[in-house]
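# Structure at a glance
Spelled out, the chains give:
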Amino acid sequence: MKQKSLGVNTICTHVGEVKDEQFKGAVSPIYPSSSYAYEGVDVKRYPRYFNTPNQEALCKKIAMLEKTEAGLIFGSGMAAISTTMLAFLHAGDHVVLQKTLYGGTYNFVVEEFDKFGIEYDFTEGFSEADFTSKIKENTKVIFVETPSNPLMLITDLEMISRIAKEQNIITMIDNTFASPINQNPADFGIDIMIHSATKYMGGHSDICAGAVAASEEHITKIWNVAKNLGGSLSDYTVWLLERSMKTMKLRVKAQNRNAKKLAKWLHKHDLVERVYYPGLKSHPDYQLAKKQMRGYSGMLSFELKEGVDASKFMKSLKLIKESMSLAGVESTILSPSKTSHALLSSEERERQGISDGLLRFSVGIEEKRDLINDLEQAFETVLDGKLQKV
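A short tour of the structure in this document, coming up. Remember, it's a predicted structure, so these values are computed and weren't measured experimentally.

### Section: the pattern of salt bridges
Under the defined criterion, the tally for this structure stands at 15 salt bridges. The partner of Lys24 in a salt bridge is Glu21, and the shortest N-O contact between them spans 3.6 Å. Classification of Lys24 as exposed rests on a relative accessible area of 60%. By relative accessible area, Glu21 is classed as exposed at 56%. Measuring nitrogen to oxygen at the nearest pair gives 3.7 Å for the salt bridge that ties Lys165 to Asp191. A residue pair is termed long-range when its members are at least 10 positions apart, and Lys165 in helix α6 (residues 157-166) and Asp191 in the loop between α7 (179-182) and β6 (192-196) qualify at 26 residues. Within this structure, Glu17, Lys19, Lys61, Glu242 and Lys246 form a network of salt bridges that share partners.

Rendered as C-alpha coordinates:
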(Lines give C-alpha, C1' and ligand atoms only; values in the text may rest on other atoms or scores of the structure.)
Protein backbone atom coordinates (compact mmCIF):
# COMPACT_ATOMS: atom_id res chain seq x y z
CA MET A 1 0.00 0.00 0.00
CA LYS A 2 1.43 3.35 -1.07
CA GLN A 3 1.97 5.75 1.83
CA LYS A 4 0.00 8.96 1.51
CA SER A 5 1.95 12.19 1.55
CA LEU A 6 1.91 14.08 4.83
CA GLY A 7 0.16 17.40 5.29
CA VAL A 8 2.20 20.50 6.05
CA ASN A 9 1.13 20.77 9.70
CA THR A 10 2.05 17.12 10.19
CA ILE A 11 5.46 17.68 8.59
CA CYS A 12 6.04 20.72 10.81
CA THR A 13 5.07 18.76 13.90
CA HIS A 14 6.63 15.33 13.37
CA VAL A 15 9.25 15.20 10.61
CA GLY A 16 12.75 16.02 11.81
CA GLU A 17 12.25 14.86 15.36
CA VAL A 18 14.98 13.03 17.22
CA LYS A 19 13.31 10.01 18.81
CA ASP A 20 13.78 9.69 22.55
CA GLU A 21 14.36 5.94 22.58
CA GLN A 22 15.40 5.81 26.24
CA PHE A 23 12.68 7.74 28.05
CA LYS A 24 10.03 8.05 25.28
CA GLY A 25 9.70 11.81 25.73
CA ALA A 26 7.25 13.66 23.50
CA VAL A 27 9.86 16.12 22.18
CA SER A 28 13.33 15.73 20.73
CA PRO A 29 16.19 15.36 23.20
CA ILE A 30 19.20 17.65 22.72
CA TYR A 31 22.59 16.19 21.84
CA PRO A 32 24.93 19.10 22.60
CA SER A 33 28.16 17.11 22.48
CA SER A 34 31.00 18.56 20.42
CA SER A 35 32.93 15.28 20.56
CA TYR A 36 31.74 11.88 19.32
CA ALA A 37 33.30 8.43 18.89
CA TYR A 38 35.10 7.71 15.63
CA GLU A 39 35.87 3.99 15.88
CA GLY A 40 33.19 1.45 15.07
CA VAL A 41 30.59 4.03 14.02
CA ASP A 42 28.79 4.61 10.73
CA VAL A 43 29.15 8.40 10.88
CA LYS A 44 32.01 10.44 12.29
CA ARG A 45 30.06 13.26 13.88
CA TYR A 46 31.24 16.80 14.57
CA PRO A 47 29.16 20.01 14.80
CA ARG A 48 31.14 21.77 12.06
CA TYR A 49 30.37 18.85 9.73
CA PHE A 50 26.63 19.58 10.08
CA ASN A 51 25.93 15.97 11.14
CA THR A 52 25.08 15.91 14.82
CA PRO A 53 21.80 14.08 15.58
CA ASN A 54 19.81 17.29 16.00
CA GLN A 55 21.33 18.89 12.89
CA GLU A 56 20.65 15.87 10.69
CA ALA A 57 17.08 15.50 11.90
CA LEU A 58 16.10 19.14 11.40
CA CYS A 59 17.46 19.11 7.85
CA LYS A 60 14.89 16.42 7.01
CA LYS A 61 12.05 18.69 8.10
CA ILE A 62 13.36 21.60 6.03
CA ALA A 63 13.88 19.43 2.96
CA MET A 64 10.40 17.93 3.14
CA LEU A 65 8.78 21.34 3.58
CA GLU A 66 10.61 22.63 0.50
CA LYS A 67 9.93 19.41 -1.46
CA THR A 68 13.62 18.65 -1.97
CA GLU A 69 15.88 15.69 -1.26
CA ALA A 70 18.13 17.27 1.35
CA GLY A 71 18.87 20.34 3.43
CA LEU A 72 21.50 22.11 5.51
CA ILE A 73 21.19 24.51 8.43
CA PHE A 74 23.57 27.39 9.16
CA GLY A 75 24.40 29.92 11.84
CA SER A 76 22.61 32.73 9.94
CA GLY A 77 20.80 33.49 6.72
CA MET A 78 23.89 35.23 5.37
CA ALA A 79 26.01 32.17 6.19
CA ALA A 80 23.58 30.13 4.10
CA ILE A 81 23.60 32.64 1.23
CA SER A 82 27.36 33.22 1.12
CA THR A 83 28.30 29.54 1.47
CA THR A 84 25.83 28.47 -1.21
CA MET A 85 27.01 31.09 -3.68
CA LEU A 86 30.67 30.28 -3.10
CA ALA A 87 29.96 26.58 -3.60
CA PHE A 88 28.87 27.25 -7.19
CA LEU A 89 30.91 30.31 -8.15
CA HIS A 90 34.66 30.39 -8.73
CA ALA A 91 37.19 32.81 -10.20
CA GLY A 92 36.15 33.66 -13.75
CA ASP A 93 32.48 32.75 -13.22
CA HIS A 94 29.56 35.16 -13.53
CA VAL A 95 26.29 35.49 -11.62
CA VAL A 96 23.10 37.34 -12.55
CA LEU A 97 21.15 38.82 -9.64
CA GLN A 98 17.76 40.48 -9.69
CA LYS A 99 17.50 44.24 -9.27
CA THR A 100 16.26 44.40 -5.69
CA LEU A 101 17.67 42.17 -2.96
CA TYR A 102 18.11 42.10 0.78
CA GLY A 103 20.79 44.66 1.64
CA GLY A 104 23.07 42.06 3.23
CA THR A 105 23.06 39.96 0.06
CA TYR A 106 23.76 42.99 -2.12
CA ASN A 107 26.60 44.09 0.15
CA PHE A 108 28.14 40.60 0.20
CA VAL A 109 28.22 40.54 -3.60
CA VAL A 110 29.66 44.02 -4.17
CA GLU A 111 32.12 43.86 -1.25
CA GLU A 112 33.46 40.32 -1.66
CA PHE A 113 33.07 38.98 -5.21
CA ASP A 114 35.80 41.12 -6.73
CA LYS A 115 38.24 39.58 -4.23
CA PHE A 116 37.36 36.12 -5.55
CA GLY A 117 37.44 37.14 -9.21
CA ILE A 118 33.71 36.48 -9.57
CA GLU A 119 31.84 38.67 -12.05
CA TYR A 120 28.28 39.84 -11.39
CA ASP A 121 25.45 41.87 -12.90
CA PHE A 122 22.20 43.13 -11.45
CA THR A 123 19.17 43.24 -13.71
CA GLU A 124 17.44 46.49 -14.61
CA GLY A 125 14.01 44.98 -14.06
CA PHE A 126 12.14 41.69 -13.68
CA SER A 127 11.22 40.72 -17.24
CA GLU A 128 12.67 37.80 -19.18
CA ALA A 129 14.64 40.25 -21.33
CA ASP A 130 16.11 41.85 -18.21
CA PHE A 131 17.58 38.51 -17.16
CA THR A 132 18.58 37.11 -20.56
CA SER A 133 20.35 40.34 -21.51
CA LYS A 134 22.70 39.89 -18.54
CA ILE A 135 23.56 36.23 -19.16
CA LYS A 136 27.09 35.59 -20.46
CA GLU A 137 28.99 32.53 -21.59
CA ASN A 138 30.52 32.23 -18.11
CA THR A 139 27.22 32.72 -16.19
CA LYS A 140 26.86 29.90 -13.66
CA VAL A 141 24.13 31.16 -11.31
CA ILE A 142 20.93 33.22 -11.37
CA PHE A 143 19.95 34.48 -7.91
CA VAL A 144 16.50 35.88 -7.15
CA GLU A 145 14.44 36.87 -4.12
CA THR A 146 10.66 36.81 -4.21
CA PRO A 147 8.81 38.49 -2.63
CA SER A 148 11.65 40.98 -2.51
CA ASN A 149 12.82 42.87 0.56
CA PRO A 150 11.41 45.46 1.14
CA LEU A 151 9.16 46.32 -1.83
CA MET A 152 7.44 42.93 -2.08
CA LEU A 153 8.10 42.65 -5.81
CA ILE A 154 7.46 39.26 -7.42
CA THR A 155 9.81 37.42 -9.78
CA ASP A 156 8.40 34.88 -12.25
CA LEU A 157 9.95 31.62 -11.02
CA GLU A 158 8.79 29.52 -13.95
CA MET A 159 10.43 31.96 -16.35
CA ILE A 160 13.67 32.03 -14.34
CA SER A 161 13.83 28.24 -14.25
CA ARG A 162 13.19 27.92 -17.98
CA ILE A 163 15.85 30.35 -19.16
CA ALA A 164 18.37 28.92 -16.70
CA LYS A 165 17.81 25.31 -17.73
CA GLU A 166 18.17 26.25 -21.40
CA GLN A 167 21.74 27.33 -20.64
CA ASN A 168 22.64 24.91 -17.83
CA ILE A 169 22.64 27.63 -15.16
CA ILE A 170 21.96 26.95 -11.47
CA THR A 171 19.04 28.86 -9.96
CA MET A 172 18.93 30.06 -6.35
CA ILE A 173 16.19 31.85 -4.47
CA ASP A 174 15.99 33.62 -1.15
CA ASN A 175 12.58 32.29 -0.10
CA THR A 176 12.58 33.94 3.34
CA PHE A 177 9.70 36.39 2.87
CA ALA A 178 7.40 33.68 1.52
CA SER A 179 8.47 30.75 3.72
CA PRO A 180 7.77 27.18 2.58
CA ILE A 181 4.21 27.68 3.80
CA ASN A 182 3.39 30.24 1.14
CA GLN A 183 5.67 29.16 -1.70
CA ASN A 184 7.64 26.15 -2.91
CA PRO A 185 10.00 27.33 -5.67
CA ALA A 186 10.96 23.71 -6.42
CA ASP A 187 7.47 23.34 -7.92
CA PHE A 188 8.58 25.79 -10.62
CA GLY A 189 11.98 24.21 -11.25
CA ILE A 190 14.19 26.36 -9.01
CA ASP A 191 17.28 24.39 -7.91
CA ILE A 192 18.23 25.81 -4.50
CA MET A 193 16.03 27.40 -1.83
CA ILE A 194 17.68 29.57 0.85
CA HIS A 195 16.16 30.98 4.04
CA SER A 196 17.02 33.21 6.90
CA ALA A 197 15.58 30.73 9.39
CA THR A 198 15.75 33.56 11.92
CA LYS A 199 12.49 34.74 10.36
CA TYR A 200 9.37 32.63 9.73
CA MET A 201 11.00 29.30 10.55
CA GLY A 202 12.10 30.59 13.96
CA GLY A 203 9.16 32.92 14.27
CA HIS A 204 9.73 34.16 17.82
CA SER A 205 12.58 36.70 17.43
CA ASP A 206 14.89 34.68 19.67
CA ILE A 207 17.23 32.72 17.38
CA CYS A 208 19.58 33.37 14.45
CA ALA A 209 19.85 30.66 11.79
CA GLY A 210 19.92 29.92 8.07
CA ALA A 211 18.71 27.06 5.90
CA VAL A 212 19.26 25.64 2.43
CA ALA A 213 17.17 23.01 0.63
CA ALA A 214 18.11 21.32 -2.65
CA SER A 215 18.94 17.99 -4.29
CA GLU A 216 21.38 15.59 -2.64
CA GLU A 217 23.93 16.46 -5.31
CA HIS A 218 23.70 20.19 -4.73
CA ILE A 219 23.64 19.90 -0.95
CA THR A 220 26.78 17.77 -1.06
CA LYS A 221 28.50 20.46 -3.09
CA ILE A 222 27.41 23.14 -0.59
CA TRP A 223 28.47 20.96 2.35
CA ASN A 224 31.99 20.58 0.92
CA VAL A 225 32.40 24.35 1.20
CA ALA A 226 30.36 24.75 4.39
CA LYS A 227 32.57 22.45 6.45
CA ASN A 228 35.54 24.67 5.57
CA LEU A 229 33.84 28.00 6.23
CA GLY A 230 32.47 26.82 9.57
CA GLY A 231 29.03 28.41 9.59
CA SER A 232 27.39 25.63 11.61
CA LEU A 233 24.65 26.09 14.19
CA SER A 234 24.71 25.28 17.91
CA ASP A 235 22.63 22.24 18.77
CA TYR A 236 20.83 24.22 21.44
CA THR A 237 19.63 26.58 18.69
CA VAL A 238 18.95 23.66 16.36
CA TRP A 239 16.66 22.19 19.00
CA LEU A 240 14.89 25.51 19.51
CA LEU A 241 14.44 25.97 15.75
CA GLU A 242 12.94 22.48 15.39
CA ARG A 243 10.58 23.25 18.26
CA SER A 244 9.59 26.59 16.72
CA MET A 245 8.91 25.10 13.30
CA LYS A 246 6.19 22.87 14.72
CA THR A 247 3.83 25.86 14.69
CA MET A 248 5.12 27.51 11.50
CA LYS A 249 2.03 26.93 9.36
CA LEU A 250 -0.31 28.10 12.12
CA ARG A 251 1.73 31.25 12.66
CA VAL A 252 2.25 32.10 9.00
CA LYS A 253 -1.40 31.59 8.09
CA ALA A 254 -2.44 33.98 10.89
CA GLN A 255 0.17 36.52 9.76
CA ASN A 256 -1.01 36.21 6.15
CA ARG A 257 -4.58 37.01 7.16
CA ASN A 258 -3.61 39.98 9.30
CA ALA A 259 -1.24 41.41 6.68
CA LYS A 260 -3.81 41.29 3.91
CA LYS A 261 -6.40 43.07 6.06
CA LEU A 262 -3.93 45.70 7.23
CA ALA A 263 -2.65 46.26 3.68
CA LYS A 264 -6.20 47.02 2.56
CA TRP A 265 -6.70 49.37 5.52
CA LEU A 266 -3.45 51.24 4.89
CA HIS A 267 -4.20 51.43 1.16
CA LYS A 268 -7.28 53.54 1.97
CA HIS A 269 -5.61 55.78 4.55
CA ASP A 270 -5.26 59.47 3.70
CA LEU A 271 -1.69 59.71 5.05
CA VAL A 272 -0.37 56.71 3.09
CA GLU A 273 1.01 57.32 -0.38
CA ARG A 274 1.51 53.71 -1.47
CA VAL A 275 1.25 50.16 -0.10
CA TYR A 276 3.43 47.30 -1.33
CA TYR A 277 1.67 43.96 -0.78
CA PRO A 278 1.28 41.27 -3.47
CA GLY A 279 -2.11 40.28 -2.07
CA LEU A 280 -3.61 43.62 -3.14
CA LYS A 281 -5.19 43.67 -6.58
CA SER A 282 -3.55 47.06 -7.08
CA HIS A 283 -0.10 45.46 -6.81
CA PRO A 284 1.48 45.19 -10.31
CA ASP A 285 2.47 41.57 -9.67
CA TYR A 286 -0.84 40.43 -8.13
CA GLN A 287 -1.67 37.88 -10.84
CA LEU A 288 1.85 36.43 -10.79
CA ALA A 289 1.80 36.18 -7.00
CA LYS A 290 -1.60 34.48 -7.19
CA LYS A 291 -0.14 31.94 -9.62
CA GLN A 292 2.97 30.94 -7.65
CA MET A 293 2.08 31.63 -4.01
CA ARG A 294 -0.45 29.98 -1.69
CA GLY A 295 -0.45 32.99 0.64
CA TYR A 296 0.89 36.51 0.23
CA SER A 297 3.14 36.69 3.33
CA GLY A 298 2.91 38.55 6.60
CA MET A 299 5.25 41.22 5.22
CA LEU A 300 4.24 44.51 3.64
CA SER A 301 5.73 47.95 3.11
CA PHE A 302 4.13 51.35 2.79
CA GLU A 303 5.19 54.90 2.02
CA LEU A 304 3.90 57.81 4.04
CA LYS A 305 2.76 60.92 2.22
CA GLU A 306 5.19 63.78 1.90
CA GLY A 307 5.35 65.80 5.08
CA VAL A 308 4.53 62.90 7.38
CA ASP A 309 7.58 62.23 9.56
CA ALA A 310 8.31 58.49 9.36
CA SER A 311 10.51 58.48 12.46
CA LYS A 312 7.92 60.27 14.60
CA PHE A 313 5.19 57.97 13.29
CA MET A 314 7.10 54.86 14.38
CA LYS A 315 7.95 56.34 17.78
CA SER A 316 4.25 57.04 18.33
CA LEU A 317 3.32 53.37 17.99
CA LYS A 318 2.57 51.67 21.31
CA LEU A 319 1.87 48.05 20.36
CA ILE A 320 3.83 47.63 17.13
CA LYS A 321 7.54 47.56 17.97
CA GLU A 322 10.17 49.60 16.20
CA SER A 323 12.61 46.74 15.69
CA MET A 324 15.20 45.56 13.17
CA SER A 325 14.21 42.01 12.28
CA LEU A 326 10.96 40.47 11.08
CA ALA A 327 8.52 37.54 11.03
CA GLY A 328 8.09 37.14 14.76
CA VAL A 329 4.68 36.56 16.31
CA GLU A 330 4.80 40.20 17.42
CA SER A 331 4.33 43.00 14.87
CA THR A 332 7.39 45.11 14.13
CA ILE A 333 8.19 48.05 11.89
CA LEU A 334 11.37 49.68 10.61
CA SER A 335 12.90 52.07 8.11
CA PRO A 336 14.80 50.04 5.45
CA SER A 337 17.00 53.03 4.64
CA LYS A 338 18.28 52.99 8.23
CA THR A 339 18.49 49.22 8.79
CA SER A 340 18.18 46.40 6.24
CA HIS A 341 19.43 48.56 3.36
CA ALA A 342 21.63 51.02 5.26
CA LEU A 343 24.76 49.48 3.71
CA LEU A 344 23.59 50.60 0.27
CA SER A 345 24.50 54.05 -0.97
CA SER A 346 21.70 56.61 -1.15
CA GLU A 347 22.01 56.42 -4.95
CA GLU A 348 21.57 52.66 -4.93
CA ARG A 349 18.58 52.89 -2.59
CA GLU A 350 17.04 55.43 -4.93
CA ARG A 351 17.68 53.11 -7.89
CA GLN A 352 15.86 50.32 -6.08
CA GLY A 353 12.95 52.56 -5.13
CA ILE A 354 13.70 52.61 -1.38
CA SER A 355 12.82 56.07 -0.10
CA ASP A 356 13.42 57.49 3.37
CA GLY A 357 9.66 57.51 3.88
CA LEU A 358 9.31 53.80 3.19
CA LEU A 359 8.41 51.63 6.19
CA ARG A 360 8.62 47.84 6.30
CA PHE A 361 5.88 46.29 8.39
CA SER A 362 6.17 42.71 9.69
CA VAL A 363 2.65 41.79 10.75
CA GLY A 364 2.28 39.50 13.74
CA ILE A 365 -0.52 37.37 15.14
CA GLU A 366 -2.17 40.01 17.34
CA GLU A 367 -5.84 40.87 16.90
CA LYS A 368 -6.36 42.84 13.72
CA ARG A 369 -8.42 45.51 15.48
CA ASP A 370 -5.69 46.16 18.04
CA LEU A 371 -3.10 46.68 15.30
CA ILE A 372 -5.39 49.05 13.39
CA ASN A 373 -6.09 51.03 16.55
CA ASP A 374 -2.35 51.37 17.18
CA LEU A 375 -1.67 52.57 13.64
CA GLU A 376 -4.57 55.01 13.81
CA GLN A 377 -3.48 56.60 17.07
CA ALA A 378 0.07 56.97 15.68
CA PHE A 379 -1.28 58.72 12.59
CA GLU A 380 -3.38 61.03 14.78
CA THR A 381 -0.39 61.82 17.03
CA VAL A 382 1.86 62.74 14.09
CA LEU A 383 -0.92 64.70 12.42
CA ASP A 384 -1.46 66.72 15.58
CA GLY A 385 2.32 67.18 16.03
CA LYS A 386 2.15 65.70 19.49
CA LEU A 387 4.93 63.16 19.79
CA GLN A 388 4.26 61.00 22.83
CA LYS A 389 7.20 59.61 24.74
CA VAL A 390 7.46 55.84 24.74
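And the narrative resumes.
### Overview of the sheet that holds strand β5 (residues 170-174)
On the basis of which strands lie adjacent, the open sheet formed by seven strands has the order β1-β7-β6-β5-β4-β2-β3 and mixed pairing. Both outer strands of the open sheet, β1 (70-74) and β3 (119-122), are each paired with one neighbouring strand and no more. On average, each strand axis in the sheet is inclined to that of its neighbour by 20°, with strand direction left out of account. Taken together, the four bridges between β6 and strand β7 (residues 210-214) define a ladder with antiparallel strand orientation. When the bridges of β7 are listed, Ser196 appears paired with Gly210. Across the sheet, helix α8 (residues 216-229) touches β1, β5, β6 and β7, and the angle it forms with β1 is around 25°.

### Points about the environment of Ala87
Locating Ala87 in the fold gives a position in helix α3 (residues 77-88). A relative accessible area of 3% means that Ala87 is categorised as buried. Along the primary structure Ala87 and Ala226 are separated by 139 residues, whereas in three dimensions their C-alpha atoms are 8.2 Å apart. Beyond its immediate stretch of four places on either side in the chain, Ala87 contacts Lys221, Ile222 and Val225.

### Considerations on the packing of aromatic side chains
Inspection of every chain in the model, using the stated rule, returns 12 aromatic pairs. Arranged with centres 6.5 Å apart and planes meeting at 70°, the rings of Tyr277 and Tyr296 form a pair that is edge-to-face. On the criterion of sequence distance, the pair formed by Tyr277 in the loop between β8 (272-276) and α11 (286-292) and Tyr296 in the loop between α11 and β9 (299-304) is long-range, its members being 19 residues apart. An aromatic cluster is present here, built from Tyr106, Phe108, Phe113, Tyr120 and Phe122 joined pairwise through their rings.

### As for the environment of Ile219
With respect to the helices and strands, the residue Ile219 is situated in helix α8. A sequence separation of 153 residues divides Ile219 from Ile372, and the C-alpha atoms of the two residues are 44 Å apart. Apart from the residues within four sequence positions on either side, Ile219 is in contact with Ala70, Gly71, Leu72, Val212, Ala213 and Ala214.

### Overview of the pairing of strand β12 (residues 358-362)
A regular strand carries its side chains on alternate faces of the sheet. Within β12, five of the five residues are buried, which leaves the element mostly enclosed by the surrounding structure. Going residue by residue along β12, you find Leu358, Arg360 and Ser362 tucked away on one face and Leu359 and Phe361 tucked away on the opposite face as well. Two strands pair when backbone bridges link them, and β9 and β12 are joined in this way by five bridges, in the antiparallel orientation. Residue pairing across strands places Ser301 opposite Arg360, the latter belonging to β12. One ladder, built from three bridges, connects strand β11 (residues 332-334) with β12; its direction is antiparallel. Residue pairing for β12: Thr332 is matched across the bridge by Ser362.

Definitions and limits used
Residues numbered from 1 in each chain as written. Predicted model: local features only at pLDDT ≥ 70, side-chain atom pairs only at ≥ 80, totals over all residues. Heavy atoms only, no water. Salt bridge = Lys/Arg side-chain N within 4 Å of Asp/Glu carboxyl O. Buried < 20%, exposed > 50% of the residue type's maximum accessible area, 1.4 Å probe, protein only. Helix = DSSP H or I, 4+ residues; strand = E, 2+ residues; numbered from the N terminus. Pairing = 2+ DSSP bridges. Axes fitted to C-alpha atoms, helices over the stretch in contact; angles between N-to-C directions. Contact = heavy atoms within 4.5 Å. Phe/Tyr/Trp six-rings, centres within 6.5 Å; stacked < 30°, edge-to-face > 60°.

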